[in-house]
Amino acid sequence: MDQVTELSYALDTFYFLVCGALVMWMAAGFTMLEAGLVRAKNTAEILTKNVGLYAIACIMYMLVGYNLMYPGEALIDGVLGQFSVLGRADNTAVDVIASGGDTYYSTLSDFFFQVVFVATAMSIVSGAVAERMKLWSFFTFAIILTGFIYPVQGYWKWGGGFLDAAGFQDFAGSGVVHMCGAAAALAGVIVLGARKGKYSKDGSIKAIPGCNLPLATLGMLILWLGWFGFNGGSQLAVSNVENANAVALIFVNTNMAAAGGLVAALLLARVWFGKADLTMALNGALAGLVAITAEPLTPSPLEATMIGVVGGLLVVPAIVFMDRMFRIDDPVGAISVHGIVGIWGLLAVPLTNVEATLGAQLLGLGTIFVWVFVTSLIVWFAIKVIIGIRVPEEEEYEGIDIGECGLEAYPEFAKVGE
Amino acid sequence: MDQVTELSYALDTFYFLVCGALVMWMAAGFTMLEAGLVRAKNTAEILTKNVGLYAIACIMYMLVGYNLMYPGEALIDGVLGQFSVLGRADNTAVDVIASGGDTYYSTLSDFFFQVVFVATAMSIVSGAVAERMKLWSFFTFAIILTGFIYPVQGYWKWGGGFLDAAGFQDFAGSGVVHMCGAAAALAGVIVLGARKGKYSKDGSIKAIPGCNLPLATLGMLILWLGWFGFNGGSQLAVSNVENANAVALIFVNTNMAAAGGLVAALLLARVWFGKADLTMALNGALAGLVAITAEPLTPSPLEATMIGVVGGLLVVPAIVFMDRMFRIDDPVGAISVHGIVGIWGLLAVPLTNVEATLGAQLLGLGTIFVWVFVTSLIVWFAIKVIIGIRVPEEEEYEGIDIGECGLEAYPEFAKVGE
Amino acid sequence: MDQVTELSYALDTFYFLVCGALVMWMAAGFTMLEAGLVRAKNTAEILTKNVGLYAIACIMYMLVGYNLMYPGEALIDGVLGQFSVLGRADNTAVDVIASGGDTYYSTLSDFFFQVVFVATAMSIVSGAVAERMKLWSFFTFAIILTGFIYPVQGYWKWGGGFLDAAGFQDFAGSGVVHMCGAAAALAGVIVLGARKGKYSKDGSIKAIPGCNLPLATLGMLILWLGWFGFNGGSQLAVSNVENANAVALIFVNTNMAAAGGLVAALLLARVWFGKADLTMALNGALAGLVAITAEPLTPSPLEATMIGVVGGLLVVPAIVFMDRMFRIDDPVGAISVHGIVGIWGLLAVPLTNVEATLGAQLLGLGTIFVWVFVTSLIVWFAIKVIIGIRVPEEEEYEGIDIGECGLEAYPEFAKVGE
């Protein structure tokens, strides 16, 4: 039976890697989504920001974050190993067999899966602060969030910390990943302020449409695909009937919640605005995905659809009121999609999961929000004071692509207006 | 050996989910392909249509379609289950082990794989009716096709109905999926009519080029990738030598047929038009993929290449004559690619599969075509009468993005001509 | 235990197919990368070139290349088989069980994995010769490279030839694939010459920016994702603890090298040019990926990051000096990314792999470079003499899309300048 144990370990590891690759692909999703929703003159910079933050997240999480979040795993040994160290930190066949199934996947496959999660959290921030932040200030924040802020609250839940002990349920991270990113983004937007010309002194609000909606749509579809890995991989195992069924249900529920969110947001936009607003449909699908992420395993597919529908119905007014009432300038709606709907996802868990309580969910979301928001606010403020946070006004009007990156995203396509 | 049975079930389920995710990704392929082949002013609407139809297909197929198509599977129970129902419809480990291998994958993984298929069929329709149909009329049709029209003919073949009993062979759906979508599209185009300005009274025909060929190319490549899941997953199992070899052969044949179709269409376009027409190359690859879908398992790789070559040689004149002789205005060539070549795929099965007969193939394609075409014609006509099917002429000239979606896909890129 | 052996075979085969599909996806990555880095007027042609070369590579490698590179595998039999031949060349369950684990995956899954590699090598060429080569001359070269030049040197290393016997180490092909492609590209650029207007007689050099950087960024991210299959699949097996750990480490190292390369190139560009040059960041990530490809298994993740960092630091000056000093006009930097950094990847192997020697690495890279460069030079020159290699000067100024493909990539987006 040793061969069977090894084979089972191999399947779980391979499943983990495939799911991790899908989550890595979400980096492309955020990149395209955000590039499609900003103006042409700020596109190269947001592309640079997205690919840069992914790389920074990987490096910081390897050096610091993973060991902070999962202190039990001895990655340090493997990472800092001498020349010719071949995955010294990973499990030997002897250990795997001796564990009788308790050790059932490669430690490095776990690291791979976790590292793409932290990149996801950071990606959420980049959209909200688009079109006016200094590039290197953003990267500085990325270092702090991915190396320290995210891992600490990740440890509280997934590393076996006090939130886990308190019964807080967050299967794949509506709170730990999505609301975390949204809280950091909100702090950033508050310190940074709105884009020039967005809110006039006379009270009028200017709508600033994205320049390339096919890209934004592609980004949403990439995220939808990647989310199968995000939620599906969070089961952490697939190699017996129970786990295989669980992963299948998670795939179905993830898909249905996105579908429900999309349809709900599209219908609400049709009724409210009189038009089938594409950007609301995209945000509706993402809202469905964020909503189901806290608990994709206990709902039936129909319940998952409804959880997504509520997410889609929430995200449209959230985006509108965030803009009109609170004058929080979030070009891509990231704070609404990942924050407001992330909260809904966390609060919806007790509806289908008998192990969850509203109290524990509130404790978890409150703790995560306060931790991430307060530490982020301090870091953003420190960045503002020390190295500055906004590009010069003139650069903002001309487009930050030239100022920050020295090139244009679409040099041959004439721009009209603006 | 129980652990081995469970492991085998897990591998087959995981394989099914990976293939299903690839087919879901085809939704992005159709979206990009169609967005690239229409004009800029109609791009946001076709994006909305594509993401909307995918969501509608998922919801309708969950509520109605799957149970209609596979009445033996008790999904209803799981879908409509009460709170905290955890995949009640799925197989227990005890059942799986007792079945001795007959029950070898999760029911929900099967649902996931099937639901993305129906979305594919509906995606085919959206390209053909692009640039002049009312958005909500399209969505109304999507509800009917994915909930009722598709599942009924799907049942006849894959659910164990009379076409299956009659020996009709359609491995992954050249007929059930692709020709089905094309027949519904043809009915739609007939009821809808051509785009304004396409066919003049003096007999001249206006070529209307797509606005973004990199997107269209990306769409084709996404479809090529997704098709590995489409055909490869249709083997339904991978967990022993015979099935693993079969899936490998299907991957190779799918790839070779696409390659053959692309090269053939590109060469034919070069000879016929004097230019290496990119859109014909894209349609040639898709034709190869459609052609091999009815039987990707019995041809050798060289035979698969030739089946693709014939598909590629067919699709070029099909597109030309559909436009010039029959004046059927199909902006993306969907009826030719999925319909004409789908028929070729079905008729090619007996060339390599000894279990297929020309008679059964003709019965199957005739039945599917008549069922889908007639029911679709009725539904399209009813939609036309009850809620209207065409946007106002003025809106069509100005672009339906503003009229239907209230936004533009590329607000900053100046448009020339048109 | 026979069932376990079959299951193990199935898992390894499925893993191979998934990795192969990811490598096929790299074709989309190169297509988008190159389409984003050329001018709008030459975009349709580079799209045609990329999809065409992929198809040609598949056909030529099936007909000739695979059998040349792996003479031990009897693919011919399966490929040329008569009607109803079902993968005759593949392994039977009896053989697999009798082999006691030596035969552990489907031959056709191996063919699939190999065929997408040769397409990768050819994709490298297309970017370097962009914007001035005749389309059909390019395709002619593609036939020769994928059918003959690549397989011969592939045989020397991976087919069991003299380079393998000499101890040359090249795990996934920094040399066999990437430097091979770069050497063929260099020969092509030398025979072809620079784009008109690139280098003036007065010594000035004109920068020619790419027209669509979101596409180029998408291309890089697709390549990053696909590379998990490229390197991860090159372990050739996953189904026990040792192999599963190895594949996990390879995924992690591939990801870290790309991250290191991206950050290093971005920082160097910031320091050198004063701007966070996005195209350098993209090339830095690709450089990290190319660098780790020769040996993704023996470095620790930190070492992999450093190997990527060196790749990123090399690629920026390589691109600059290739342009300014050597006046080699490579629009996408392919020769620097895949050639210069490919060499670095090969030379870095002995740093972490005790089985590698600098001598064997130099022998390997010298042999591959000389073979590919000289044969390519001859073929390019023959093409130039016999059918011509450059488009007419007027066509080059007007854009080769109209001349070669008879259509425009972006007919509605006004072009400025050029």
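Residues numbered from 1 in each chain as written. Chains lettered and ligands numbered in written order. Predicted model: local features only at pLDDT ≥ 70, side-chain atom pairs only at ≥ 80, totals over all residues. Heavy atoms only, no water.

**Considerations on the relation of the copies chain A and chain C**
Now for step 1: Overlaying chain A with chain C gives an RMSD of 0.0 Å, the required rotation being 120 degrees about an axis along which the chain moves by 0.0 Å. Such a combination of rotation and displacement between the chain copies is what one expects of a three-fold axis.
Now for step 2: Interface overlap between copies: only 15% of the residues of chain A at the interface are likewise at the interface in chain C, consistent with a contact formed by different surfaces. (Least-squares fit on C-alpha atoms with pLDDT ≥ 70 in both. Contact = heavy atoms within 4.5 Å.)

**Looking at the interface of chain A and chain C**
Now for step 1: Facing 71 residues of chain A, the contacting portion of chain C comprises 67 residues.
Now for step 2: Between chain A and chain C lies a buried interface of about 5,400 Å² when both sides are counted; carbon and sulfur atoms form 78% of it.
Now for step 3: Among the residues chain A hides against chain C, the three largest losses belong to A:F14, A:E412 and A:F413. Together they make up 14% of the total.
Now for step 4: Counting across the chain A and chain C interface gives zero salt bridges.
Now for step 5: Viewed at the interface, chain C and chain A are joined by nine residue pairs in polar contact (both at pLDDT 80 or more).
Now for step 6: At the level of elements, helix 1 (2–37), helix 2 (43–69), helix 3 (75–79), helix 4 (93–98), helix 5 (107–128), helix 6 (135–157), helix 9 (213–232) and helix 16 (400–405) of chain A are the ones that each hand at least two residues to the side of chain A that touches chain C. (Buried area = accessible area lost by both parts, 1.4 Å probe. Salt bridge = Lys/Arg side-chain N within 4 Å of Asp/Glu carboxyl O. Polar contact = N/O pair within 3.5 Å; in protein donor to acceptor, adjacent residues only side chain to side chain. Helix = DSSP H or I, 4+ residues; strand = E, 2+ residues; numbered from the N terminus.)

**Examining the interface of chain A and chain B**
Now for step 1: With 67 residues of chain A at the interface, the matching set in chain B holds 71 residues.
Now for step 2: Taken together, the two surfaces of chain A and chain B that pack against each other cover about 5,500 Å², and 78% of this comes from carbon and sulfur.
Now for step 3: Among the residues chain A hides against chain B, the three largest losses belong to A:P214, A:L221 and A:V241. Together they make up 11% of the total.
Now for step 4: On the surface where chain A and chain B come into contact, there are zero salt bridges.
Now for step 5: Our count for the contact surface shared by chain A and chain B stands at nine residue pairs in polar contact (both at pLDDT 80 or more).
Now for step 6: The leading source of residues in the side of chain A that touches chain B is helix 10 (residues 241–273) of chain A, at 17 residues.

**Side note on the packing of helix 1 (residues 2–37) of chain B against helix 1 (residues 2–37) of chain C**
Now for step 1: Where helix 1 of chain B meets helix 1 of chain C, the axes come as close as 10 Å, and the angle between the chain directions of the two elements is 15 degrees. The orientation of helix 1 of chain B relative to helix 1 of chain C falls into the category roughly parallel. Crossing hand, helix 1 of chain B versus helix 1 of chain C: left-handed. Where helix 1 of chain B approaches helix 1 of chain C, its residues B:V4, B:L7, B:S8, B:L11, B:F14, B:Y15, B:V18 and B:W25 are matched on the opposing element by C:Q3, C:V4, C:L7, C:A10, C:L11, C:F14, C:V18 and C:W25.
Now for step 2: The residue inventory of the contact of helix 1 of chain B with helix 1 of chain C, partitioned by class, reads 14 nonpolar, two polar and no charged. (Axes fitted to C-alpha atoms, helices over the stretch in contact; angles between N-to-C directions. Parallel < 35°, antiparallel > 145°, perpendicular 65-115°, else oblique. Left-handed = near helix turned anticlockwise from the far one by under 90°. Nonpolar A, V, L, I, M, F, W, Y, C, P; charged D, E, K, R; others polar.)

**Digging into the confidence of the model for chain A**
Residues and elements named next belong to chain A.
Now for step 1: The pLDDT averaged across chain A works out to 93; a share of 94% of its residues lies at or above 70.
Now for step 2: Under a pLDDT of 50 for its full length, residues 80–87 has, in the predicted model, 22 contacts with residues more than four places off or in other chains.
Now for step 3: Among the scores for the predicted complex, ipTM is 0.96 and pTM is 0.97. (pLDDT = per-residue confidence, 0-100.)

**Side note on the packing of aromatic side chains**
Now for step 1: In this structure the tally under the stated criterion is 93 aromatic pairs over all chains.
Now for step 2: Judged by centre distance (5.7 Å) and plane angle (80 degrees), the rings of B:Y15 and C:F14 are edge-to-face. On the criterion of chain membership, the pair formed by B:Y15 in helix 1 and C:F14 in helix 1 is interchain, its members lying in two chains.
Now for step 3: Look at B:Y15 and you get buried, because its relative accessible area is 0%.
Now for step 4: Looking at C:K49, its charged tip hangs above the ring of C:F138, at a distance of 5.0 Å from the centre. (Phe/Tyr/Trp six-rings, centres within 6.5 Å; stacked < 30°, edge-to-face > 60°. Buried < 20%, exposed > 50% of the residue type's maximum accessible area, 1.4 Å probe, protein only. Lys NZ or Arg CZ within 6 Å of the ring centre and 35° of its normal.)

**Focus: the relation of the copies chain A and chain B**
Now for step 1: Relative to chain B, chain A is turned by 120 degrees and slid 0.0 Å along the rotation axis, the superposed coordinates differing by an RMSD of 0.0 Å.
Now for step 2: Mapped onto chain B, only 16% of the interface residues of chain A are again interface residues, and the two copies thus contact each other with different surfaces.

**Points about the environment of A:H178**
Residues and elements named next belong to chain A.
Now for step 1: Summarising the element assignment, H178 is placed in helix 8 (residues 174–192).
Now for step 2: For the pair H178 and V125, spaced 53 residues apart in the sequence, the C-alpha separation amounts to 9.8 Å.
Now for step 3: Separated by 2.9 Å, the side chains of H178 and H338 make a polar contact.

**Observations concerning the pattern of salt bridges**
If the charged atoms of two oppositely charged side chains come close together, the side chains can form a pair.
Now for step 1: Counted according to the given criterion, the structure contains 21 salt bridges over all chains.
Now for step 2: With its nearest N and O atoms 3.2 Å apart, the salt bridge here joins B:E131 to B:R39. Of the two residues, B:E131 is situated in the loop between helix 5 (107–128) and helix 6 (135–157) and B:R39 in the loop between helix 1 and helix 2 (43–69); the sequence distance between them amounts to 92 residues. The exposure classification of B:E131 matches that of B:R39, with both residues buried.
Now for step 3: Between C:R390 and C:E396 there is a salt bridge; the shortest N-O distance is 2.7 Å.

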